[in-house]
Amino acid sequence: MSLEPIEKRGSKTYPSLAFYILLILAVLLVPLLVLLARLHEGEPPRPALAGELTRLGLSGEIAVQADDTGRGLRQVTVFLRQGQREVELLRRDFPRRSWIFQAGPESFSEVIEVAPRELELGDGRADLILRAVDHSWRNWLAGNRSETIIPLVIDTRPPVISVGQATRYVRAGGSGLVRYTIDEEVAGHGVMLNGHFHPGFPLSAERAGEYLAYIGLSYDTEEISEAVVVAEDLAGNLGRAGFGINLRRVQQTADRINVSENFLRAKLPEFADHYPELAGSYLEQYLYVNRTVRQMNDQRIAELCRDSHPERLWEGGFSRMARSSQRAGFADRRSYFYDGRKIDEQVHLGVDLASVRHAEIEAANNGIVVFAEYLGIYGNVVILDHGQGVFSLYSHLSRISVEVGQRVERDDLLGYSGVTGMAGGDHLHFSMLVNGVFVDPVEWWDRNWVNNQLTVGR
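A brief report on the enclosed structure follows.

Here is what the cut-offs are and how they apply
- Residues numbered from 1 in each chain as written.
- Predicted model: local features only at pLDDT ≥ 70, side-chain atom pairs only at ≥ 80, totals over all residues.
- Heavy atoms only, no water.
- Patch = residues over 30% accessible without salt bridge, like charges linked within 9 Å, V, L, I, M, F, W, Y side chains within 5 Å.
- Areas by Shrake-Rupley, 256 points an atom, 1.4 Å probe, with all protein chains shown as cover.
- Salt bridge = Lys/Arg side-chain N within 4 Å of Asp/Glu carboxyl O.
- Lys, Arg positive; Asp, Glu negative; His and termini not counted.
- Charge placed at Lys NZ, Arg CZ, Asp CG, Glu CD.
- Helix = DSSP H or I, 4+ residues; strand = E, 2+ residues; numbered from the N terminus.
- Buried < 20%, exposed > 50% of the residue type's maximum accessible area, 1.4 Å probe, protein only.
- Phe/Tyr/Trp six-rings, centres within 6.5 Å; stacked < 30°, edge-to-face > 60°.
- Lys NZ or Arg CZ within 6 Å of the ring centre and 35° of its normal.
- Contact = heavy atoms within 4.5 Å.
- Pairing = 2+ DSSP bridges.

Let's talk about a negative patch on the surface
Together, Glu 360, Glu 362, Glu 409, Asp 411 and Asp 412 give the surface a local cluster of negative charge. Tracing the backbone shows Asp 411 in the loop between strand E30 (407-408) and strand E31 (413-417). In this structure Asp 411 comes out as partly exposed when scored by relative accessible area, which is 40%.

Looking at the packing of aromatic side chains
In the structure shown here, the tally under the stated rule is 11 aromatic pairs. Geometry around Phe 337 places Arg 256 over its ring, the cationic atom sitting 3.7 Å from the centre. It is Arg 312 that lies over the ring of Trp 314; its NZ or CZ is 3.9 Å from the centre.

Concerning the environment of Leu 141
Secondary-structure assignment places Leu 141 in the loop between strand E9 (124-134) and strand E10 (145-154). Classification of Leu 141 as partly exposed rests on a relative accessible area of 36%. For Leu 141, the contacting residues outside a window of four places in its chain are Arg 74, Arg 96, Trp 99 and Ser 136.

Description of the sheet that holds strand E16 (residues 201-202)
Taken in spatial order, the four strands of this open sheet run E11-E13-E17-E16, and their pairing is antiparallel. Only two strands of the sheet have a single neighbouring strand rather than two, namely strand E11 (161-166) and E16. The pairing of E16 with strand E17 (residues 210-216) spans two bridges and is antiparallel. By the bridge assignment, Phe 201 is partnered in E17 with Leu 212.

Dropping the structure here:
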C-alpha cells in the first residue's frame, strides 16, 4: 500500500487515506495490546506464612497470607499432609469482580486454629502446603498457580516435669527454692505461686534438663492456693507439676508515724521538683505522695525486676550494713497521724538501718547495677541485680557512687546514707526482692539459712 501523497497543493503534501487508517489502527491496537498483556500477566501469586513455624502442638495457630500484584487472588487453600493423608485446613474463593479491571483482592491473611489430634494426624513429620491461584487469563483463563511447602513436626505431647526439691515451709514475706527437671527442650518454664510467675533458670551448663527457680511470697499471703511448675515446649504444649509447700504465718508489727507541719514544709518541695502535679494543701500533697507516688514507685521497681541476669552472681548470705542498728522492720504496718488524727496506712517493705550521718553504703553481694537515680518516696536509689531473679535495693541515699550497668562485688561502695525521699532522718532503707516480690531481708542476711534453704544440692 502506497503512502505517497495523492496530491500536491502548492508546496504542501497530504498523506494518503491508507496512512490515516494505519494511524487509527495503531492508536487502537497499542492500548489493546497493553490490556491483553495485563489480562494475560504471568506473575504468580505468593502464598506464605506470616511468621516462622516449625512445630504444631496439641492446639495452635497458623497465620497465612497471600499476595498478588497482577489480576488479584482467585483462590487460597491450605493443607496438612502426613504420609498419604492430606487434610484441608482452609479454602477461600474470591469470585471475579471484573473481566477488565481488578478481578480479585491484592492480598489475603487469616489465622487458622489447628488441633492435629482432632484431624486424626499423629505426632511426627508433616508438610504444610499453601496454594494460591490468581485471576490472570493465562493458561486458558485458569490463571497462574503457586505452591509453598513448609516441613514441620507435629508434637502433641506436653513436657514432663519432675519436681526434685522444694522449700517445704515458707513464711509470708519469705523466700524459697524449687528444683525440677524437664524431659525436653522448652521455650519457657518456671513456678506459678499464687498467681505470680517466678522464671526458672538452668541449674548448670553441665546438667541439661535440670532447672531451679527462686520464689518469694508476698507479706500479706494468707494461704497458698497455687504452687505448680509450668513449662511450654517448642510446639506450645503446656506441662504442669504441683509441689507441696506450707505457709508459716508471721506476726506483723504495728508502728505509729507522726507527721508534723515542719516535716511537710521541709519535704514537700523535694517532691514538687519531681512531681509537678502536686497541688492543694500540705496535707493533700503529702497524701498524694504517700499513696499515689508510692504506688508508682513500687510499680517501677517491679518493672526493673522483671528481667534478671540468667546466671547466679551472688554467693552465700547477704551482708548487712556495717555497724548499724535497726530502726524499722520488714512488713511493719504503719499508721500515719497528723494533728492527732489518723490520715493514712501503709506497709514498710524493707528494713531501716541507721549508723552515722552520711555512712558508706556497700553492696550486700555481687551484682549488676540496674537502677541508680531518684525514685520518689525512696529518694536516691540503687538497685542491684544479683542474677536469677534476686535483687537488692538501697534507698534514701545522699549521694550515689555507681552507674547503671556497672558490676559490683560484695562490700563495693554504692553511695552514702541520707534523708532523701520520705526519710525523716539519716538512714538506709534496705529491701530484698525475688522476681519483683518484696521479701524479708533478715532471711538473706542469715548465712546458714541461705546455705540450707537456697543452695542445697547445687
